[in-house]
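Inside the fold
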Amino acid sequence: MANAISTVDPKEIDHYSAWKNSWWDENQGKPRLLHTFNPARVEFVRKGLANTGFISQNLALPLNGIKIADVGCGGGILTESLARAGAQMAGIDAATDLIDIAKEHVQLDPTISDRVNYFCTTIEEFSQNNKESYDAVVASEVVEHVTDPELFLKESVKILKPGGSIFVTTINKTLASWLGAIIIAEYIWKSVPCGSHQWSKFIAPDEIERILEKYDCKTKLSEGIVFNPLSYTFSLSSYKGINYAVHAVKKKKIDA
């Protein structure tokens, strides 16, 4: 799927595609930490949308009426969770094996299968025919795996409606992130397969905010996400030294 203008790193695709057979094993699978991380991601999206004035008319489906694109969706962990909250979801990923897994898994739940569509493509290709089509875009744990974060975010913003929200979660570029996300998580605890992250690809929150501002998105919220090894849970926090989340809103067009 990689082409001349693609931000896809083929090595990253190969690495994560190797997880396909255990993608939905929440207890022993290689993506176990992603499953653990998921509630905090969903909370951040819901919190951000509420802060922009979105009011759900359905308590059972709090995101009903929202159209969201999950860019870099992998096997669909976050995509399905947001669909269960009522959102109409598009899952986008360049990894054929993971999209196949995502399509198979969502069919196991008929209550959400009609709210989820998966696309095996790059954001650069997808944005060409889907400009300003989504109320929200989520790029969760993806920016640190692409070859060009600025181009990736630029193309992600293209599919966002004016006034829509973009949510980014990624890893800060600090000594703490090198120790926590690589040395401890990959080599000591082995909670993430070795080689899953490269510190050189990590990016600071102010850089994410700068790029989003360049493409007409104003940051509304920036929070840290911390891991508690005792409870094996993630939660939103003021500490951004390792994981963090940014919510920005695309500026509305002003008629001349």
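Residues numbered from 1 in each chain as written. Predicted model: local features only at pLDDT ≥ 70, side-chain atom pairs only at ≥ 80, totals over all residues. Heavy atoms only, no water.

- As named in an unreviewed UniProt entry, the protein chain is Ubiquinone biosynthesis O-methyltransferase, mitochondrial, taken from Ooceraea biroi.
- Turning to the protein chain, the UniProt record has this under Subcellular location (unreviewed entry): "Mitochondrion inner membrane".
- Under the Cofactor (unreviewed entry) heading, UniProt states for the protein chain: "Mg(2+)". (UniProt positions renumbered as here; feature names shortened; annotations may be inferred.)

Some words on the overall build of the protein chain
- Broken down by element type, the protein chain carries eight helices and eight strands.
- Each of the three principal axes of the protein chain carries a C-alpha extent, and together these read 55 × 40 × 40 Å.
- Every one of the 256 residues in the protein chain was classed for burial, and the buried ones make up 53%.
- Carbon together with sulfur atoms contributes 53% to the accessible area of the protein chain, which is approximately 11,800 Å² in total. (Helix = DSSP H or I, 4+ residues; strand = E, 2+ residues; numbered from the N terminus. Buried < 20%, exposed > 50% of the residue type's maximum accessible area, 1.4 Å probe, protein only. Areas by Shrake-Rupley, 256 points an atom, 1.4 Å probe, with all protein chains shown as cover.)

Considering empty space enclosed by the protein
- Per the stated rule, a full pass over the model turns up one cavity of 30 Å³ or more.
- Quantified by volume, the largest cavity comes out at close to 30 Å³.
- In terms of lining residues, the largest cavity is bounded by Arg41, Phe44, Val45, Leu78, Val138, Ser140, Phe167 and Thr169.
- The set of elements that each furnish at least two residues to the lining of the largest cavity consists of α2 (32-51), β4 (134-140) and β5 (160-171).
- Per-element tally for the lining of the largest cavity: the top contributor is α2, with three residues. (1 Å grid on protein atoms, 1.4 Å probe; cavity = no way out; pocket = protein on both sides within 12 Å on 5 of 7 lines; lining within 4 Å. Points joined across faces, edges and corners; volume = space filled by probe spheres on them.)

Considerations on a nonpolar patch on the surface
- A surface patch of nonpolar side chains, about 390 Å² in accessible area, is lined by Leu175, Trp178, Leu179 and Trp199.
- Mapped onto the fold, tryptophan 178 is located in helix α7 (residues 175-188). (Patch = residues over 30% accessible without salt bridge, like charges linked within 9 Å, V, L, I, M, F, W, Y side chains within 5 Å. Salt bridge = Lys/Arg side-chain N within 4 Å of Asp/Glu carboxyl O.)

Notes on the UniProt feature "binding site: S-adenosyl-L-methionine" (unreviewed entry) in the protein chain
- Per the UniProt record, "binding site: S-adenosyl-L-methionine" (unreviewed entry) is annotated on Arg41, Gly72, Asp93 and Ser140. If you take the residues mentioned a moment ago, the ones lining the largest cavity come down to Arg41 and Ser140.
- Counting through the fold element by element, aspartate 93 comes out in strand β2 (residues 88-93).
- Aspartate 93 gets classed as buried once you look at its relative accessible area, which sits at 10%.
- Sequence-distant contacts of aspartate 93, defined by excluding residues within four places in its chain, comprise Ile13, Gly72, Cys73, Gly74, Ile99, Phe119, Cys120 and Thr121.
- Inspection of the secondary structure assignment puts serine 140 in strand β4. (Contact = heavy atoms within 4.5 Å.)

Focus on the nonpolar core
- In terms of nonpolar packing, the biggest core is built from 33 residues, with Ile68 and Leu82 touching the most fellow members.
- Contributing elements (two or more residues each) for this core: α2, α3 (77-84), α4 (96-106), β3 (116-120), β4, β6 (217-228) and β7 (233-237).
- No other element matches α2, which puts seven residues into this core.
- Once residues lying within four places of it in the same chain are set aside, the contact partners of leucine 82 are Val42, Val45, Leu63, Ile68, Ala87, Met89 and Val138. (Core = buried A, V, L, I, M, F, W, Y, C linked by side-chain atoms within 4.5 Å.)

Description of the pairing of strand β8 (residues 243-250)
- A large share of β8 lies buried, amounting to eight of its eight residues.
- Burial along β8 is two-sided: Asn243, Ala245, His247 and Val249 facing one way and Tyr244, Val246, Ala248 and Lys250 facing the other are all buried.
- Here β5 runs beside β8; their pairing, made up of seven bridges, is antiparallel. Paired with threonine 169 across the bridge in β8 is alanine 245.
- As defined by bridge partners, β6 adjoins β8 across eight bridges and the pair is classed as antiparallel. Residue pairing across strands places serine 222 opposite valine 246, the latter belonging to β8. (Pairing = 2+ DSSP bridges.)

With respect to the sheet that holds β5
- In spatial order, the strands read β3-β2-β1-β4-β5-β8-β6-β7; together these eight strands make up an open sheet with mixed pairing. At either end of the open sheet lies a strand with only one pairing partner, and these are β3 and β7. Adjacent strand axes in the sheet meet at a mean angle of 20°, parallel and antiparallel pairs treated alike. (Axes fitted to C-alpha atoms, helices over the stretch in contact; angles between N-to-C directions.)

Some thoughts on the packing of α2 against α3
- Between α2 and α3, the least distance of the axes is 10 Å, while the angle of their chain directions is 45°. Between α2 and α3, the interaxial angle falls into the category oblique. Relative to α3, the crossing made by α2 is right-handed. When α2 is examined against α3, the residues Leu34, His35, Asn38, Arg41, Val42 and Val45 are found in contact with a partner set consisting of Ile77, Leu78, Ser81 and Leu82.
- Its residues assigned to classes, the contact of α2 with α3 shows six nonpolar, three polar and one charged. (Parallel < 35°, antiparallel > 145°, perpendicular 65-115°, else oblique. Left-handed = near helix turned anticlockwise from the far one by under 90°. Nonpolar A, V, L, I, M, F, W, Y, C, P; charged D, E, K, R; others polar.)

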